[in-house]
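Working through the structure, step by step
Each chain, written out:
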Amino acid sequence: MSEFNSEPYVLKAYVDYNEARHARNGKLKVTMSLMPELYRNASMTPDSVEYIIEPKRAQ
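Rules and cut-offs
- Residues numbered from 1 in each chain as written.
- Predicted model: local features only at pLDDT ≥ 70, side-chain atom pairs only at ≥ 80, totals over all residues.
- Heavy atoms only, no water.
- Helix = DSSP H or I, 4+ residues; strand = E, 2+ residues; numbered from the N terminus.
- Buried < 20%, exposed > 50% of the residue type's maximum accessible area, 1.4 Å probe, protein only.
- Contact = heavy atoms within 4.5 Å.

Here we come to the overall build of the chain. A tally of regular secondary structure across the chain gives 0 helices and 4 strands. For the chain, the α and β elements follow one another from N to C terminus as β-β-β-β. Per-residue burial over the chain gives 7% buried out of 59 residues. Nonlocal contacts in the chain, meaning residues at least 24 apart in sequence, comprise 27% of its contacts between residues at least 6 apart.

Okay, structure coming up:
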């Protein structure tokens, strides 16, 4: 409780672009950034995202 009014810790969610080469279902797992020990039982929804990779057009 002593940390309740402290500055919020910024959480970041990310996906690994390199996993897209091996993914067969068009979804990538979402991973959370490192969190301080005071965060417990953190979860996120959704735990994966769909993606589309489009080739870059020549200009």
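Secondary-structure assignment places Ser 33 in the loop between strand S3 (31-32) and strand S4 (48-50). Those residues in contact with Ser 33, other than ones at most four positions away along the chain, are Val 10, Leu 11, Lys 12 and Tyr 14.

For the rest of this paragraph, the subject is unusual backbone geometry. Cis peptide bonds are those with omega within 30 degrees of zero, and the linkage from Thr 45 to Pro 46 qualifies with 0°. Topologically, Pro 46 is positioned in the loop between S3 and S4.

This paragraph deals with the environment of Pro 36. Looking at the element boundaries, Pro 36 is found in the loop between S3 and S4. Take Pro 36: its relative accessible area is 23%, and that puts it in the partly exposed class. Between the C-alpha atoms of Pro 36 and Leu 11, which are 25 residues apart in sequence, the distance is 9.8 Å.

Bear in mind that shape data such as this cannot, by itself, settle questions of function.
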